[in-house]
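# Structural characterization, general
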Amino acid sequence: MTENQIFDYVREHPDQRVKVALVDIDGVLRGKYISTEKFFSVAQSEMGFCNVVFGWDMADVAYENSQYTGWHSGYPDAPARIDLSSFRMIPWENNIPFFLCELIDSPQHSAAVCPRNLLEKVIDRAQKSGFTPFFSQEFEWFNFEETPASVHDKNFQNLKPLSPGMFGYSVLRSTLRNDFFKSLFSDLGSFGIPLEGLHTETGPGVYEAAITYSGILEAADRAVLFKSSVKELAYKQGIMATFMAKWDERLPGCSGHVHQSLWDAGASKNLFFDEIDEQGMSATMRHYIAGQLHCLPYILPMFAPTINSYKRLVEGAWAPTTLTWAVDNRTVALRAIPGSKKSTRLETRVVGSDVNPYLAMAACLASGLYGIQHQLALQEPTLGNGYADVSHGRLPSSLQQATEAMKHSPIAFELFGETFVKHFVASREWECQQYGRVVNDWEKRRYFEII
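Residues numbered from 1 in each chain as written. Predicted model: local features only at pLDDT ≥ 70, side-chain atom pairs only at ≥ 80, totals over all residues. Heavy atoms only, no water.

## Some remarks on the overall build of the protein chain
Within the protein chain one finds 13 helices and 15 strands. Over its C-alpha atoms the protein chain spans a radius of gyration of 22 Å, differing by no more than 12% from the 22 Å that the globule rule assigns to 451 residues. Based on the C-alpha atoms only, the size of the protein chain along its principal axes is roughly 65 × 60 × 50 Å. Going through the 451 residues of the protein chain one by one, you find that 55% of them count as buried. When contacts within the protein chain are restricted to residue pairs at least 6 apart in sequence, those whose partners lie at least 24 apart make up 71%. In the form shown here, the protein chain has an accessible surface area of approximately 19,900 Å², with 53% of it arising from carbon and sulfur atoms. Separation of charge centres in the protein chain, based on 41 positive and 52 negative side chains, amounts to 2 Å. (Helix = DSSP H or I, 4+ residues; strand = E, 2+ residues; numbered from the N terminus. Rg over C-alpha atoms; globule rule 2.2 N^0.38 Å. Buried < 20%, exposed > 50% of the residue type's maximum accessible area, 1.4 Å probe, protein only. Contact = heavy atoms within 4.5 Å. Areas by Shrake-Rupley, 256 points an atom, 1.4 Å probe, with all protein chains shown as cover. Lys, Arg positive; Asp, Glu negative; His and termini not counted. Charge placed at Lys NZ, Arg CZ, Asp CG, Glu CD.)

Shown next, in the form of structure tokens:
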């Protein structure tokens, strides 16, 4: 739609309201409804958005270690800009207009702490180097026949999964609650999030969806909106969806693999493909993979941002633990998928479903560009079991360890800038502190009587 057509749609919609949202550091949509009148007063300028959304964690507990905002600043409004190009209609809300926003410091400068802004800066870097990035993300998630109230009443224990047992790629089980299954395809498609595929994954009540690839900013928008939309559609069906990286230690974790390729400036040639190369991979692709492998230990919180993320990154659980790559191997960190001049791409398998897609894609692209810029040589591919190949090292095994590596990494500062890295690292340190204060069920079961 043109800008005028968007304005006409908003003006004529019978609800006379618009939904707007921005994405916080954890990848959570924070938004509100505004009147049509209010929308037109800010659509081509800016609106105020309380900057506490970047001054608290996902549980709305205010950071005590943040410089961006806090009690010291009084939590003022920050200017936010509506991105008219992000316009969508929400099919499960009478097709009301929806827009994404970005935080700005001034009309000329974006806010460094805003994840969408960070991705745009990395995209600009890629475009100035003559690259057009195409990305997509796929997600696994668990579904339960529960409501927010019942989950809390049960204290997150003994929840009823949407289907029992382990039955991945089941044609049979996809007919169970087919109303929900169908709505994911149709409603998400109508909301501008087209799916390439949707199927059951191994585990009770687990689905996996692959979002259709696109330009990287659109891909990240789709991924962020996908997670929130799935939860909303699930609510309407009496279902709770969770994107925790590891819901249960006895079950597989949930991935959020990122697929990516670089094309030329005109978006007509896949620069990862080389028909002469034995593996069909160009030198550009090899440098890009080498860059990700080189940077991964220093930017891992961008891919694995929560305490729970690292419960997924364990041996034999379909998630990587080593700094490895290979062609079409699902035990390594980076899976190269060479094929045709259209389909040749890289899959970053470190990413879990609990990720902020803007940060994950920014990290993928920035580290890949780093490898191209420095012409990094690619290590030999892993043969066989990636868990056993520790010749190039292991990934950090906890959020605390990964955050400490990022905090002191010149590479992280070079890729993402000092202001963002300091804010993000502080938010991850806060997450570790919050976890460290809690006495959990494991401790009680282990120590209460025996110790």
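## Re the nonpolar core
The nonpolar side chains of soluble globular proteins are, as a tendency, buried together. Grouped together as the largest cluster of nonpolar side chains are 99 residues, with contacts concentrated most on Trp 141, Phe 226, Ile 289, Met 302, Phe 303, Leu 365 and Phe 416. Broken down by element, the residue count for this core peaks at 12 residues, all from helix 9 (residues 357-373). Counting 29 residues, the second largest nonpolar core, distinct from the first, contains Phe 7, Phe 39, Phe 54 and Ile 82. (Core = buried A, V, L, I, M, F, W, Y, C linked by side-chain atoms within 4.5 Å.)

## A short note on the packing of aromatic side chains
Counted by the stated rule, this structure contains 26 aromatic pairs. Ring geometry for Phe 39 versus Phe 40: centroids 5.3 Å apart, planes at 75°, classification edge-to-face. Residue classification places Phe 40 among the partly exposed residues on the basis of a relative accessible area of 29%. Aromatic ring contacts, followed pair by pair, group Phe 139, Trp 141, Phe 180, Phe 181, Tyr 207, Phe 226 and Phe 243 into a single cluster. (Phe/Tyr/Trp six-rings, centres within 6.5 Å; stacked < 30°, edge-to-face > 60°.)

## A look at helix 7 (residues 283-299)
In this model, helix 7 (17 residues) spans 24 Å end to end at C-alpha, consistent with the 24 Å of a helix rising 1.5 Å per residue. Of all 17 residues in helix 7, 12 are buried; the element is thus mostly enclosed. Looking at helix 7, one finds that the buried residues are Met 285, His 287, Tyr 288, Ile 289, Ala 290, Gly 291, Gln 292, Leu 293, Cys 295, Leu 296, Pro 297 and Ile 299. (Expected span 1.5 Å × (residues − 1).)

## Quick look at the side chain of Gln 379
Here Gln 379 shows up in the loop between helix 9 and helix 10 (399-407). Note on Gln 379: relative accessible area 18%, which makes it buried. Side chain to side chain, Gln 379 and His 392 meet in a polar contact 3.4 Å long. Non-local contacts of Gln 379, meaning those with residues more than four positions away in its chain, are made with Leu 293, Leu 323, Thr 324, Trp 325 and His 392. (Polar contact = N/O pair within 3.5 Å; in protein donor to acceptor, adjacent residues only side chain to side chain.)

## Observations regarding the packing of helix 3 (residues 115-128) against helix 9
Axis separation between helix 3 and helix 9 bottoms out at 9 Å; the angle between their running directions is 25°. Judged by the angle between their axes, helix 3 and helix 9 are roughly parallel. Once helix 3 is placed against helix 9, the crossing between them reads as left-handed. Side by side, helix 3 and helix 9 meet where Pro 115, Arg 116, Leu 118, Leu 119, Val 122, Ile 123, Arg 125 and Ala 126 of the first sit next to Tyr 358, Leu 359, Met 361, Ala 362, Leu 365, Ala 366 and Leu 369 of the second. A breakdown of the residues in the contact of helix 3 with helix 9 according to their chemical character gives 13 nonpolar, no polar and 2 charged. (Axes fitted to C-alpha atoms, helices over the stretch in contact; angles between N-to-C directions. Parallel < 35°, antiparallel > 145°, perpendicular 65-115°, else oblique. Left-handed = near helix turned anticlockwise from the far one by under 90°. Nonpolar A, V, L, I, M, F, W, Y, C, P; charged D, E, K, R; others polar.)

## Some details on the packing of helix 10 against helix 12 (residues 418-436)
Remark: helix 10 packs on helix 12, axes separated minimally by 10 Å, with the N-to-C direction vectors making an angle of 160°. Considering the angle they form, helix 10 stands roughly antiparallel to helix 12. When the axes of helix 10 and helix 12 are compared, the crossing they make is left-handed. The residues of helix 12 that touch helix 10, namely those facing Leu 399, Gln 400, Thr 403, Met 406 and Lys 407, are Val 421, Phe 424, Val 425, Arg 428, Glu 429, Glu 431 and Cys 432. Residue composition of the contact of helix 10 with helix 12, by class: 6 nonpolar, 2 polar and 4 charged.

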